[in-house]
Amino acid sequence: MVSDQEIKNAVAVLRAGGLVAFPTETVYGLGADAANPEALKKVFAAKGRPHDHPLIVHVADAVQLANWAREIPPAAGKLAKKFWPGPLTVILRRAASVSDLVTGGQDTVALRVPSHPVAQALLRAFGGGIAAPSANRFGRVSATTAAHVRSEFGDTVECVLDGGAADVGIESTIVDLSGPRPVLLRPGRITAEQLEKVLGEALAAPDARSPRAPGTLAKHYAPQTPLMMMEADLMLELASSLVRQGRRVAALARSALQPLLPELVWIAAPADAEGYAHDLYANLRKLDEAGCDTILVEEPPLTAEWAAVRDRLLRAAAGAQENLS
Ligand code: TXA
Ligand code: MG
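These lines cover the structure that appears in this document, whether it is placed above or below.

The rules we used
Residues numbered from 1 in each chain as written. Chains lettered and ligands numbered in written order. Predicted model: local features only at pLDDT ≥ 70, side-chain atom pairs only at ≥ 80, totals over all residues. Heavy atoms only, no water. Helix = DSSP H or I, 4+ residues; strand = E, 2+ residues; numbered from the N terminus. Polar contact = N/O pair within 3.5 Å; in protein donor to acceptor, adjacent residues only side chain to side chain. Contact = heavy atoms within 4.5 Å. Phe/Tyr/Trp six-rings, centres within 6.5 Å; stacked < 30°, edge-to-face > 60°. Lys NZ or Arg CZ within 6 Å of the ring centre and 35° of its normal. Axes fitted to C-alpha atoms, helices over the stretch in contact; angles between N-to-C directions. Parallel < 35°, antiparallel > 145°, perpendicular 65-115°, else oblique. Left-handed = near helix turned anticlockwise from the far one by under 90°. Nonpolar A, V, L, I, M, F, W, Y, C, P; charged D, E, K, R; others polar. Pairing = 2+ DSSP bridges. Salt bridge = Lys/Arg side-chain N within 4 Å of Asp/Glu carboxyl O. Buried < 20%, exposed > 50% of the residue type's maximum accessible area, 1.4 Å probe, protein only. Near = heavy atom within 4 Å. Areas by Shrake-Rupley, 256 points an atom, 1.4 Å probe, with all protein chains shown as cover.

Focus: the side chain of T173
So, point 1. Relative to the elements of secondary structure, T173 occurs in strand β8 (residues 173-176).
So, point 2. Engagement of the side chain of T173 in a polar contact is seen with the backbone nitrogen of G188, the distance being 3.2 Å.
So, point 3. Within the structure, T173 has its side chain in polar contact with the backbone oxygen of I190 (distance 2.8 Å).
So, point 4. Leaving out residues up to four positions away in the same chain, T173 has contacts with P87, L88, T89, L184, R186, P187, G188, R189, I190 and L195.

As structure tokens, then:
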């Protein structure tokens, strides 16, 4: 998949302050040496991301938390033991040495130990922390394949490691452990229920004192085509009436059966939450590329296992609404 030589080259690029896109089990990351401010600036420039949006530092194992956080609460130990390496990010109080470019000027730092073998090989060979946001332009659909990364950045990213399609397909669960109570900042494959079981306490909802997680607010993950989410019957009705009016419509269905409308661009997504998440961003990209006037998405169930998918779709809809103006 990725050779030792490619890992060596990628490490050389990181050490020289360059950018390396690499696969993780969630989505592809756009990586830079987390200890090199000049390299970090390139991440923000490549993404078109405002500087007050903090970055996740990826490390090879939990032992390295001590290099980045000044306090490691017992809850972090419990979660690390159960879920790392894996699709979980924890927010801890930062160590004094961490760059403001990583923390967005906040008193906290986000840390994650990814499980993807290529990410692990890269982190072990590099030795330090790699700051990596999702490898997409700011506000856009995240990348789950190396081809997605190239279509986002072209030649501006000198090194792209191709580790195949990301397994989980949506970004890591983020839990804030910097305050008195654990707070869920971003839902993901690891659910609130799973976290609560290991922590032995309920997660609190974010409040005014919680660290800002700007990427988790409003518009995000947005295709360029306006996107609306609705239940199956309404989606079918609206699709056929729009097609009859001569509009070009794309639909992301889950349970709805494909109507006999040859003009309709139709994707039948997997019916289970994990399969749906795995394909989600690739499906949104395909629907966007179809060049339709509207994307209609069948609403996912309201159950806990669909929470993360629902979160991403709501933000995609909010972002697409903004793209209208
Ligand atoms: O699965 C993932 O987490 C992927 C892969 C590449 O690891 N990364 C990712 O990074 O999704 P990004 O930058 O697209 O999203 C990170 C989120 C943002 O919403 C950011 O605001 C939040 O984490 N974040 C980072 N540091 C934070 C901090 N100190 N406090 C609160 N939120 C933080
Ligand atoms: Mg992102």
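Having seen the model, we can carry on.
Topic: the packing of aromatic side chains
The way to describe two aromatic rings as a pair is by their centre distance and the angle between their planes.
So, point 1. If you walk through the whole model with that rule in mind, you get one aromatic pair.
So, point 2. Positioned over the ring face of W306 is R254, at 5.5 Å from the centre of the ring.

Comments concerning the packing of helix α4 (residues 74-83) against helix α8 (residues 192-199)
So, point 1. At a closest axis distance of 9 Å, the pairing of α4 and α8 adopts a crossing angle of 120°. Of the possible angle classes, the one that applies to α4 and α8 is oblique. Taken as a pair, α4 and α8 cross one another with a handedness that is right-handed. On the side of α4, the interface is formed by A75, K78, L79, K82 and F83, while α8 contributes Q194, L195, V198 and L199.
So, point 2. Taken together, the residues of the contact of α4 with α8 break down into six nonpolar, one polar and two charged.

Regarding the sheet that holds strand β13 (residues 294-298)
Strand pairing in a sheet is mediated by backbone hydrogen bonds. Such pairs are either parallel or antiparallel.
So, point 1. Strand order across the open sheet formed by four strands is β10-β13-β11-β12, with parallel pairing between neighbours. The sheet is open, and its two borders are formed by β10 (227-230) and β12 (265-268), each paired with just one other strand. Between one strand axis and the next, the sheet turns through 15° on average, direction left out of account.
So, point 2. Bridge count for β10 against β13 is four bridges, and the pairing is parallel. Among the inter-strand pairings, M230 is bridged to a residue of β13, identified as E298.
So, point 3. Where helix α10 (residues 273-289) meets the sheet, it contacts β10, β11 (249-253), β12 and β13, and its direction lies at approximately 175° from that of β11.

Focus on the pattern of salt bridges
So, point 1. Following the criterion strictly, the structure yields 16 salt bridges and no others.
So, point 2. Across the salt bridge formed by D61 and R124, the nearest N and O atoms sit 3.7 Å from each other. Placement of the pair is D61 in the loop between β3 (56-58) and α3 (65-68) and R124 in helix α6 (residues 117-126), with a sequence separation of 63 residues.
So, point 3. Taking the relative accessible area as the measure of exposure, D61 reaches 25% and is therefore partly exposed.
So, point 4. Since its relative accessible area comes to 51%, R124 is described here as exposed.
So, point 5. The salt bridge involving R310 is made with E299; its shortest N-O contact spans 2.9 Å. With R310 in helix α11 (residues 307-324) and E299 in the loop between β13 and α11, the pair connects residues that are eleven residues apart, well separated along the chain.
So, point 6. Judged by its relative accessible area of 27%, E299 falls in the partly exposed class.
So, point 7. When salt bridges that share partners are traced, they join E171, D311, R312 and R315 into one network.

As for the sheet that holds β8
So, point 1. The mixed open sheet is built from nine strands, whose spatial order is β7-β1-β2-β6-β3-β5-β4-β8-β9. Each of the sheet's edge strands pairs with one partner strand only, and the pair in question is β7 (159-160) and β9 (183-186).
So, point 2. The sheet contact formed by β3 and strand β6 (residues 130-131) spans two bridges and is antiparallel. Bridging from a neighbouring strand, V57 pairs with A131 of β6.

Some remarks on unusual backbone geometry
Peptide bonds are trans in most cases, and residues, glycine excluded, mostly fall at negative phi.
So, point 1. With an omega of -5°, the peptide bond between W84 and P85 qualifies as cis.
So, point 2. As for its placement among the helices and strands, P85 is situated in the loop between α4 and β4 (88-93).

Let's talk about the side chain of H148
So, point 1. When you line up the elements, H148 lands in helix α7 (residues 146-153).
So, point 2. On the basis of relative accessibility, which here comes to 12%, the residue H148 falls in the buried class.

Some remarks on the environment of G164
So, point 1. Structurally, the position occupied by G164 is in the loop between β7 and β8.
So, point 2. Once the C-alpha coordinates of G164 and W84 are considered, the two residues, 80 residues apart in sequence, prove to be 21 Å apart.
So, point 3. With sequence-adjacent residues up to four places away left out, G164 is seen in contact with M1, Y28, T144 and T145.

With respect to the site of ligand 1
So, point 1. Taken together, 29 residues lie around ligand 1, and T26, H58, S134, S172 and R212 are the ones closest in.
So, point 2. Computed on the free molecule, ligand 1 has an accessible area of 670 Å², of which 99% lies beneath the protein chains in the complex.
So, point 3. Among the secondary structure elements, those contributing two or more residues to the shell around ligand 1 are β3, β5 (108-112) and β9.
So, point 4. At four residues, β5 tops the list of elements feeding residues into the shell around ligand 1.
So, point 5. Residue classes in the shell around ligand 1 are distributed as 15 nonpolar, nine polar and five charged.

Details of the environment of A204
So, point 1. One can find A204 in the loop between α8 and β10.
So, point 2. The spacing of A204 and L184 is 20 residues in sequence and 6.9 Å in space, taken between C-alpha atoms.
So, point 3. With sequence-adjacent residues up to four places away left out, A204 is seen in contact with R181, P182, V183 and L184.

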